[in-house]
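Fold and geometry: a report
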Amino acid sequence: MSMPLKPTLAIADDDALQSELLAAWLEQHGYDVLRFDSGDSLVSWASDTPSYVDAFLLDIDMPGRDGFQSCIDLKSIAIYSGTPAVFVSSVCPETVTERVSAAGGSWMVRKDADLLPRLTSWLQDNLRRPVPA
């Protein structure tokens, strides 16, 4: 399996506008972005078409498979067992820290005015592959 030139992020968020804005921001900052409208569709894709992904960005509150269950299921797929999973949610981080950790998540960022710069900074510091200049 060949590795894409740019770091690839897979986003699962049932809020289409939020997902579109996040994807546009990340693409402008040098990432390839795969968008999924649910945890179910992301896990189905990951199971059927394993492809290199540098990180998963998971909304917590989605219909069907929520972000926690999506993370657990993704981590059970061998190719993704070490892939960082970042939870992106409007809930207060302190209320879900233990659940994020228990599900195998790497970090949680709140959907607020500082989301994009904080997420970009975390990705630059924590992905195995840097964004090409």
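Structure: see above.
Residue positions are counted from 1 within each chain, in the order its sequence is given. pLDDT decides what is reported in this predicted model: residues at 70 or higher carry local features, side-chain atom pairs at 80 or more are listed and counted, and totals for whole chains, interfaces and linings draw on all residues regardless. For side-chain calculations, the full set of non-hydrogen atoms in the structure is used, while hydrogens and water are omitted.

Moving on: the side chain of Ser38. Among the structural elements, Ser38 can be located in the loop between strand S2 (32–36) and helix H2 (39–48). Think of it in three bands: residues with accessible area under 20% of the maximum for their type are buried, residues over 50% are exposed, and the middle band is partly exposed, with areas taken using a 1.4 Å probe on protein chains only. For Ser38, a relative accessible area of 13% corresponds to the buried category. Discounting residues that sit within four places of it in the chain, Ser38 has contacts with Ala12 and Met62. Where helices and strands are cited, they refer to DSSP runs of H or I of at least four residues and of E of at least two residues respectively, numbered from the N terminus. When checking whether two residues touch, look at their non-hydrogen atoms; a contact exists if any pair is within 4.5 Å.

This part covers the sheet that holds strand S3 (residues 55–59). Read across the open sheet, the 5 strands follow the order S2-S1-S3-S4-S5; overall the sheet is parallel. Looking at strand neighbours, the two that pair on one side only are S2 and strand S5 (107–110), the edges of this open sheet. Averaged over neighbouring strand pairs, the angle between their axes works out to 20° when direction is ignored. Note: two strands are recorded as paired if DSSP finds a minimum of 2 bridges between them. Of the strand pairs in this sheet, strand S1 (residues 8–12) and S3 are connected by 4 bridges, and their pairing is parallel. In the sheet register, Ala10 faces S3, and the bridge partner there is Phe56. Its contacts with the sheet place helix H1 (residues 16–28) against S1, S2 and S3, and it is angled at close to 170° to S2. Lines fitted to C-alpha atoms define the axes, with helix axes restricted to the stretch in contact, and inter-axis angles between N-to-C directions lie between 0 and 180 degrees.

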